[in-house]
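Coordinate analysis (summary)
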Amino acid sequence: MSFLADAEIVVKALENYYRESISRKKPVINQAPLETLISELDLSTDIQDGRLTGERLAQFLAKYLESTTRLLHPAYLAHQVGTSHYAGALASLIDGFTNNPMAIYEMGPGAASIEWYLINWLLEKVGWHPQPLRMPDSPDRLFGGGVLTHGGSLANLTALLAARSKIAPPAWQEGSPRDLALLAPAESHYSIARAAGIMGLGRNAVYPLAVDEKGVVIPQKLPEVYARIKNEGKRVFAVVANGCSTAAGLYDPIREIGEFCNAHDLWFHVDGAHGASALLSKKHKGRMDGVELADSLIWDAHKLMRTPSLCTAVLVKDFRTIDQAFQQEASYLFHEKEQPGFDFIHRTVECTKAGLGLKWFFVLAALGEQGLEKHVDDQFELAKQAYDYIASQPEFECAVAPQSNILCFRLAGSDQLQIDIRDTLIARGEFYLSTTVFCGQRYLRMVFNHPHTCLDDIKQLIQKIRDLVDERTSD
Ligand SMILES: *Cc1c(COP(=O)(O)O)cnc(C)c1O
């Protein structure tokens with residue numbers, strides 16, 4: 001076995017895979033049954049022989065790549081996970097090879113330094129103060145902090161643990177008090193309710209915020225909802241807003257919610273897993289206006305930042321809150337321990353933690369900040385163009401004008417029709433869309449993330465949908 005020779009096989013196969021994908025030569029999705037794949041990939045033989053190298057590796061890889069869902073295909077429009085840049089994939093390789101679990105500094109000084117730097121860079125984008133490595137004796141402001149986690153779901157849990165530790169510091173020792181309540185719009189991601197479950201608060205501790213007909217929070221109704229919950233004898237430990245929502249990509253009015261929370265000393269958490277990337281765009285950062293009023297924010301890099309899965313930043317306005325998220329007393333580990341760097345381990349669920357920052361950094365460094373800004377602008381713009389086009393087609397309607405790179409639309413007809421359309425498109429492998437329920441109706445849903453996807457693709461998609469409905473009616 002030779003690393004260089006095998007790596008060359010892998011890289012050549014991936015290069016070929018990339019060309020096939022962007023040129024739309026292969027189906028964007030192709031789901032063979034699980035038993036078929038296990039047998040075709042001949043997994044047991046390779047495990048017994050232990051010789052997956054050279055020509056065999058090439059053969060295996062050819063079969064494996066055929067079994068993938070092609071996120072590098074411009075007709076991949078289904079989910080939020082983005083089209084990763086190869087630079088990020090190279091960083092994944094480097095991280096895998098060096099295998100530096102950097103949650104303690106001595107196990108990955110370079111990776112830990114990059115994570116520290118990235119977190120501070122992101123804090124500045126939010127409008128918070130980066131954390132200095134040495135705390136001034138009498139700090140004159142709050143310093144932010146954060147950590148990178150494997151995904152937004154874990155990030156939401158981490159941020160909400162920080163929120164709980166602020167209002168109920170003994171909770172870590174004694175368990176969650178029974179009177180804690182979480183306020184979130186019904187459109188919030190399921191990981192918010194899941195976090196409440198994991199934290200032992202129970203799903204019932206999540207109270208819905210009043211929303212308009214599009215599911216967007218109505219800030220004027222906050223006082224009423226808050227008073228009602230207080231009257232029930234509950235303590236609100238966090239208010240959650242979407243920046244933006246998962247289903248339709250709509251932003252809650254962050255500034256107004258933030259002002260209410262600040263006035264009532266409530267922890268304000270912005271779930272920016274999908275939409276915080278707008279902060280890099282001069283054109284669109286207004287959607288996140290007021291985010292600096294929040295106490296915590298999460299931001300996925302694997303959605304709009306072209307970074308391979310998974311990579312999410314948990315950011316807090318006051319670093320002490322995340323330092324005590326998993327323990328009662330904030331401990332300033334890097335002051336206590338004689339070492340040249342910083343341990344992230346007390347800020348995360350994870351113990352062995354990959355050097356996630358390398359992936360995000362590599363993409364940033366390959367495209368530059370302006371490159372990623374352009375990516376966000378392009379994808380938001382394409383969503384708008386697709387909206388204008390689809391909304392002008394008589395038999396089609398859009399749920400709502402897009403505010404991000406997510407667009408929901410439907411063909412006049414039943415909910416089942418939308419599901420049938422998606423199933424047929426997927427079976428043919430030409431387009432890959434998702435569906436979602438928005439305002440009680442089933443919609444086809446597209447998330448734009450591929451630099452090669454253009455309005456022509458959308459026009460073709462609409463034509464395909466018309467054709468397949470014609471075929472159905474003529475059957
Ligand atoms: C995608 C998403 C999440 C979950 O993030 P993962 O990285 O998939 O775990 C959380 N919140 C919102 C608003 C999202 O869109």
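Residues numbered from 1 in each chain as written. Predicted model: local features only at pLDDT ≥ 70, side-chain atom pairs only at ≥ 80, totals over all residues. Heavy atoms only, no water.

Another aspect to go through is the site of the ligand. For the ligand, the set of nearby residues contains 15 residues, the closest of which are Gly152, Ser153, Asp271, His302 and Lys303. Here Thr246 contributes a side-chain N or O atom positioned 3.0 Å from an oxygen atom of the ligand. Considering the ligand on its own, with 380 Å² of exposed area, one finds that the protein chains cover 88% of that surface. Breaking the shell around the ligand down by element, the ones donating at least two residues are α7 (152–167) and α12 (301–304). When residues of the shell around the ligand are assigned to their parent elements, the largest contribution, three residues, is made by α7. The class makeup of the residues in the shell around the ligand is two nonpolar, 10 polar and three charged. (Near = heavy atom within 4 Å. Polar contact = N/O pair within 3.5 Å; in protein donor to acceptor, adjacent residues only side chain to side chain. Areas by Shrake-Rupley, 256 points an atom, 1.4 Å probe, with all protein chains shown as cover. Helix = DSSP H or I, 4+ residues; strand = E, 2+ residues; numbered from the N terminus. Nonpolar A, V, L, I, M, F, W, Y, C, P; charged D, E, K, R; others polar.)

Next up on the list: the domain arrangement of the protein chain. For the protein chain, the assigned domains read domain 1 (3–70) and domain 2 (96–362). For domain 1 versus domain 2, the separation of C-alpha centres amounts to 38 Å. (Domains from an automatic or database assignment.)

Glancing now at the pattern of salt bridges. Tallied over the entire structure, the rule returns 27 salt bridges. Residue Glu15 pairs with Arg19 through a salt bridge whose shortest N-O separation is 2.9 Å. Of this pair, Glu15 and Arg19 are both found in helix α1 (residues 3–22), four residues apart, which corresponds to roughly one turn of the helix. Among the salt bridges present, the one from Arg70 reaches Glu20, with a minimum N-O distance of 3.2 Å. Note that Arg70 is positioned in the loop between α4 (54–66) and α5 (86–98) and Glu20 in helix α1, a separation of 50 residues in sequence. (Salt bridge = Lys/Arg side-chain N within 4 Å of Asp/Glu carboxyl O.)

Take helix α6 (residues 109–126) next. End to end, α6 covers 26 Å across 18 residues, agreeing with the expected 26 Å (1.5 Å per residue, within 8%). Contacts from the buried residues of α6 go to β1 (145–149), β6 (296–300), β7 (312–316) and α15 (357–391). Of the residues one or two after α6, Gly127 is the one with positive phi, at around 100°. (Expected span 1.5 Å × (residues − 1). Contact = heavy atoms within 4.5 Å.)

On to a nonpolar patch on the surface. Taken together, the side chains of Phe3, Leu4 and Phe97 define a hydrophobic patch exposed on the protein surface, amounting to about 380 Å² of accessible area. Position of Phe3 relative to the elements: it lies in helix α1. Relative accessible area serves as the criterion here: at 47%, Phe3 is assigned to the partly exposed category. (Patch = residues over 30% accessible without salt bridge, like charges linked within 9 Å, V, L, I, M, F, W, Y side chains within 5 Å. Buried < 20%, exposed > 50% of the residue type's maximum accessible area, 1.4 Å probe, protein only.)

Right, let's get into the packing of aromatic side chains. Two aromatic rings, taken as a pair, are described by how far apart their centres are and by the angle between their planes. Enumeration over the complete set of coordinates arrives at 12 aromatic pairs. Seen in terms of ring centroids, Phe60 and Tyr64 are 6.2 Å apart; in terms of plane orientation they differ by 15°. Their pairing is stacked. Placement of the pair is Phe60 and Tyr64 together in helix α4, with a separation of four residues, close to one helical turn. Note on Phe361 and Phe362: the rings are 6.2 Å apart at their centroids and 70° apart in plane angle, and the pair reads as edge-to-face. Overall, Phe361 belongs to the partly exposed group, its relative accessible area being 36%. On the accessibility criterion, Phe362 (26% relative accessible area) is partly exposed. Of the aromatic side chains, those joined through ring pairs into one cluster are Trp116, Phe342 and Phe344. In this arrangement the basic side chain of Lys353 is found over the ring face of Phe344, its NZ or CZ atom lying 5.9 Å from the centre. (Phe/Tyr/Trp six-rings, centres within 6.5 Å; stacked < 30°, edge-to-face > 60°. Lys NZ or Arg CZ within 6 Å of the ring centre and 35° of its normal.)

Pairing within the open sheet is mixed, and its seven strands lie in the order β1-β7-β6-β5-β4-β2-β3. On the outer flanks of this sheet lie β1 and β3 (206–208), each paired with one strand and no other. Averaged over all pairs of adjacent strands, the angle between their axes in this sheet comes to 20°, without regard to strand direction. Judged from the four bridges that link them, strand β4 (residues 235–242) and strand β5 (residues 268–271) form a sheet pairing that is parallel. Of the residues in β5, the one forming a bridge with Val240 is His269. (Pairing = 2+ DSSP bridges. Axes fitted to C-alpha atoms, helices over the stretch in contact; angles between N-to-C directions.)

Further remarks concern the packing of α5 against α15. Between α5 and α15, the shortest axis-to-axis distance is 8 Å and the interhelical angle comes to 145°. The way α5 lies across α15 gives a crossing that is right-handed. Contact with α5, carried on its side by Ala87, Gly88, Ala91, Ser92, Ile94 and Asp95, involves Leu358, Lys359, Phe362, Val363 and Ala366 of α15 and no other residues of that element. (Left-handed = near helix turned anticlockwise from the far one by under 90°.)

Turning our eyes to something else, we now look at helix α11 (residues 254–263). Ile254, Ile257, Gly258, Phe260 and Cys261 are the residues of α11 that are buried. Projected down its long axis, α11 shows its buried positions confined to an angular sector of 160°, all on one face. (Arc of directions from axis to C-beta.)

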